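Close look at the chain arrangement
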Amino acid sequence: MYLSRFLSIHALWVTVSSVMQPYPLVWGHYDVCKTQIYTEEGKVWDYMACQPESTDMTKYLKVKLDPPDITCGDPPETFCAMGNPYMCNNECDASTPELAHPPELMFDFEGRHPSTFWQSATWKEYPKPLQVNITLSWSKTIELTDNIVITFESGRPDQMILEKSLDYGRTWQPYQYYATDCLDAFHMDPKSVKDLSQHTVLEIICTEEYSTGYMTNSKIIHFEIKDRFAFFAGPWLRNMASLYGQLDTTKKLRDFFTVTDLRIRLLRPAVGEIFVDELHLARYFYAISDIKVHGRCKCNLHATVCVYDNSKLTCECEHNTTGPDCGKCKKNYQGRPWSPGSYLPIPKGTANTSNVCDNELLHCQNGGTCHNNVRCLCPAAYTGILCEKLRCEEAGSCGSDSGQGAPPPGSPALLLLAALLGTASPLLF
């Protein structure tokens, strides 16, 4: 009786847990690049695909505004209250901290009261367009893992474009268009992500879902990453093997979720009406209280750690790879072409390591021979990845009478190495 009751409670808990956590907390378990395993030849490295964990990428970005003097407060100016567009006695003053609204307030800690936000100058030069470009740069390739979320303190803009770059801002492609009237603004029929499918997931759409002008309960704009993942992994992202398989085999899909920079192009502020009220232009401006971008450093599945040092992100590469994205082989590990790791087969993936040894470069030590350009076959007295250690050292039995030690100065291995390196006389150690 007790067992059946326990099983019933357990089944109920599993059901409740699955409802409470519709999305997995992490993509997968690619958090280890290699581990030592025991084989008939001793301990060897078992390599696997690996990647850094997803994190808040706004901690590492640089922000640039164009025009550079578009932030309000220099000179000081008044603007209308958010909730009451005709109460125009609020002040923005860059020289007074309590009244300033600099760009860094788009990325500070949320939850304070009153809320903090960046704010543009007002539309005082109407009918000249009030347009702002906000560029977010990482100087590093990153992979997006969650929705991009922009929270406006003012009304959401009537027209906006989210753009991405894959080449550090040299060229740009649209990610998504936003408008109160897509046909009028961008000559595009309105759509939402729900209108897409596996076959059209890369389509660039214009949505009217997030452009509703002045509404106090509607401040957020999304770019839906997880909804696009769900076309392959299912509505709760439980079939991650399917998504990983698509990312492995479809470069365009992989590139779609990869960026070096994002650009928010604010083209028309929230008007909320057909006509602009020219008598109250101080009610029109842009204000952003928060931007969320979650992702990870792109390390081509060759690293679990991404270091932020001297204002720069860099992968700590494994698998004998190197470069900011682990995008090439280390020097002397180029026996076969570099390739990225693979998510498949689940759960460890494939590391696609650069060669750990190479017959021509004689990486195997102490008479070891390179086997399939992957590992060293060591003489009986030696062990280690490159046959660099005496086997007796692991057993703690090395001694003067063990008969094991370094090769003599005139050994064939050292003579061959000296010849290959162009040394005129035998190497002495």
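Refer to the preceding data block for the structure.
Notes on the structure follow. (Residues numbered from 1 in each chain as written. Predicted model: local features only at pLDDT ≥ 70, side-chain atom pairs only at ≥ 80, totals over all residues. Heavy atoms only, no water.)

Focus: the overall build of the protein
When its secondary structure is counted, the protein shows seven helices and 24 strands. Out of the 429 residues in the protein, the part that is buried amounts to 43%. Contacts spanning at least 24 positions in sequence make up 63% of the contacts within the protein whose residues lie at least 6 apart. Only carbon and sulfur atoms are counted for the fraction: they give 56% of the accessible area of the protein, which is about 23,100 Å². (Helix = DSSP H or I, 4+ residues; strand = E, 2+ residues; numbered from the N terminus. Buried < 20%, exposed > 50% of the residue type's maximum accessible area, 1.4 Å probe, protein only. Contact = heavy atoms within 4.5 Å. Areas by Shrake-Rupley, 256 points an atom, 1.4 Å probe, with all protein chains shown as cover.)

Considering the packing of helix α3 (residues 226-233) against helix α4 (residues 240-249)
One way to put it is that α3 packs onto α4 with a least axis distance of 7 Å and a crossing angle of 100 degrees. Comparing the axis directions of α3 and α4 gives the class roughly perpendicular. Taken together, the residues of α4 that come into contact with α3 (itself represented by F229, F232 and A233) are M240, S242, L243 and Q246. Each residue belonging to the contact of α3 with α4 can be placed in one class, and the counts come to five nonpolar, two polar and no charged. (Axes fitted to C-alpha atoms, helices over the stretch in contact; angles between N-to-C directions. Parallel < 35°, antiparallel > 145°, perpendicular 65-115°, else oblique. Nonpolar A, V, L, I, M, F, W, Y, C, P; charged D, E, K, R; others polar.)

What to know about the state of the cysteines
Tallied over the full model, the rule gives nine disulfides. One disulfide in the model links C72 with C92; its S-S distance is 2.0 Å. Taking the sign of the S-S torsion, 75 degrees for the link of C72 and C92, the bridge is right-handed. Pair noted here: C72 is in the loop between β4 (62-66) and β5 (77-79) and C92 is in strand β6 (residues 90-92), with a separation of 20 residues, a long-range link. Judged by relative accessible area, C92 falls into the buried class, the value being 0%. Disulfide partner of C364: C376, at an S-S distance of 2.0 Å. Disulfide C364-C376: torsion about the S-S bond near -90 degrees, hence left-handed. Of the two residues, C364 sits in the loop between β20 (328-329) and β21 (369-371) while C376 sits in strand β22 (residues 375-377), which places them 12 residues apart along the sequence. Overall, C364 belongs to the buried group, its relative accessible area being 12%. (Disulfide = S-S within 2.5 Å.)

Brief notes about the nonpolar core
If you look at the biggest cluster of nonpolar residues, it comprises 62 residues, and the most contacted ones within it are W118, I134, W138, L266, I288 and I291. With six residues, the single largest contributor to this core is strand β8 (residues 132-144). Apart from the residues lying within four places of it in its own chain, the contact partners of L266 are W118, L130, Q131, V132, I134, F152, P157, Q159, M160, Y286 and I288. (Core = buried A, V, L, I, M, F, W, Y, C linked by side-chain atoms within 4.5 Å.)

A closer look at the packing of aromatic side chains
Any aromatic ring pair is given by two values, namely how distant the centres are and how the planes are angled relative to each other. Inspection of the entire model under this criterion finds 14 aromatic pairs. Relative to Y343, the ring of Y244 has its centre 4.3 Å away and its plane inclined at 15 degrees; by these criteria the two rings are stacked. One end of the pair, Y244, is in helix α4; the other, Y343, is in the loop between β20 and β21, with 99 residues separating them in the sequence. Each member of the pair Y244 and Y343 is classed as buried. Chaining the aromatic ring pairs together yields one cluster made of Y175, F223, F229, F256 and F257. Its end group placed over the ring of W172, R263 keeps NZ or CZ at 4.2 Å from the ring centre. (Phe/Tyr/Trp six-rings, centres within 6.5 Å; stacked < 30°, edge-to-face > 60°. Lys NZ or Arg CZ within 6 Å of the ring centre and 35° of its normal.)

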